[in-house]
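Summary of structural features
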Amino acid sequence: MKWQGRRGSRNIEDRRSSGSKAAVGGVGGLGLLAILAIGYFLGIDVTPLLEGTQSIPSGQIGGQTVEITEADERAAQFVSVTLADTEEIWTEVFAEQLGGEYIPPILVLYKGVTQSPCGSASGATGPFYCPSDQKVYLDTDFFTTMERQLGAGGDFAEAYVVAHEVAHHVQNELGILGQANAYRAKASEAESNAVSVMIELQADCFSGIWAKKADEKFGSLERGDIREALNAAKQIGDDTLQKNAGRVPQPHTFTHGTSEQRQRWFATGYKTGDLNACDTFSADRL
């Protein structure tokens, strides 16, 4: 992905200069990966699921100085440029396809642990979007987790992570996320899971729109970039995660969509560039 030398976003809230490190233990291997991925795409705090994790009182969060490495700085610059790209693309898409105005989110960079209205953010949660404050939360250490533990490395795979979380903000701007979550709060577990899948697959489709438009506007994609994004989508499919955790996939428990679905909806957005093509809530086939 070509990103060096381009404009970075001003909508970055950098909390990396102070923070706390959570010690994670008790859950190992593929079970840990599954828990991490649940937090990654649902935007929930899964720290309590990690047995043996040290509890960090809220008053202690932000109390320790952390080291910002050269790799941290590079990742922050990359995220800033990617976020700036989403701002330009979605501003144009809203104007051209909706005749409306796009108000971009703030992206919170942190290292270790921080707080949000949607719960504490840590390496256990992974990147997530919090509709309560309309902010994306991202610890760039998760990029290392993606590459080493989830098998989803590459800079465009990382860009896909940012684009996916911004896509949830797009859903919020369109009023989709609020309506869907209001329904989920009253629905049965099975119905709530089904709607969650629709939310996530639409965010994948919106991410595909961003990828298409970014390439057209900035010429940012390089050979193999789309494969990286599709591989990332595959590795975080519910069926793949459950198989890798040594379990038989149980579709009624899916909350993100299968690997095939995630890839197909991303590809739909990338091929069409059309918001209407991403209506997972009315689709005959997910």
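Residues numbered from 1 in each chain as written. Predicted model: local features only at pLDDT ≥ 70, side-chain atom pairs only at ≥ 80, totals over all residues. Heavy atoms only, no water.

Per an unreviewed UniProt entry, the protein chain is named Metalloprotease, and its organism is Celeribacter persicus. Within the UniProt record for the protein chain, the comment given under Subcellular location (unreviewed entry) is "Membrane". (UniProt positions renumbered as here; feature names shortened; annotations may be inferred.)

**Structural notes on the overall build of the protein chain**
The helix and strand inventory of the protein chain stands at nine helices and eight strands. In the protein chain, which comprises 286 residues, the proportion classed as buried is 50%. The long-range share in the protein chain, meaning contacts at least 24 apart out of those at least 6 apart in sequence, stands at 77%. (Helix = DSSP H or I, 4+ residues; strand = E, 2+ residues; numbered from the N terminus. Buried < 20%, exposed > 50% of the residue type's maximum accessible area, 1.4 Å probe, protein only. Contact = heavy atoms within 4.5 Å.)

**Thoughts on the sheet that holds strand β7 (residues 128-130)**
Here four strands make up an open sheet; going across it, the order is β1-β4-β8-β7 and the pairing mixed. At either end of the open sheet lies a strand with only one pairing partner, and these are β1 (12-14) and β7. Strand-to-strand twist across the sheet, computed as the mean angle between neighbouring axes with direction ignored, equals 25 degrees. Relative to strand β8 (residues 135-139), strand β4 (residues 106-110) is paired through five bridges, and the arrangement is parallel. Bridged to L107 within β8 is V136. With respect to the sheet, helix α2 (residues 70-98) is in contact with β1, β4 and β8, its orientation differing from that of β4 by roughly 170 degrees. Helix-sheet contacts for helix α4 (residues 155-173) involve β4, β7 and β8, and the interaxial angle to β7 is about 25 degrees. (Pairing = 2+ DSSP bridges. Axes fitted to C-alpha atoms, helices over the stretch in contact; angles between N-to-C directions.)

**Side note on the pattern of salt bridges**
One pass over the structure, following the stated rule, counts 14 salt bridges. In this structure, the salt-bridge partner of R6 is D85, at a minimum N-O distance of 2.2 Å. Of this pair, R6 sits in the segment before β1 while D85 sits in helix α2; the two residues are 79 residues apart in sequence, bridging distant segments of the chain. By relative accessible area, which is 24% here, R6 ends up partly exposed. Among the salt bridges present, the one from R7 reaches E88, with a minimum N-O distance of 3.5 Å. In this pair, R7 is assigned in the segment before β1 and E88 in helix α2, connecting sequence segments 81 residues apart. Among the charged side chains, a salt-bridge network with shared partners connects R7, E87, E88, E92 and K217. (Salt bridge = Lys/Arg side-chain N within 4 Å of Asp/Glu carboxyl O.)

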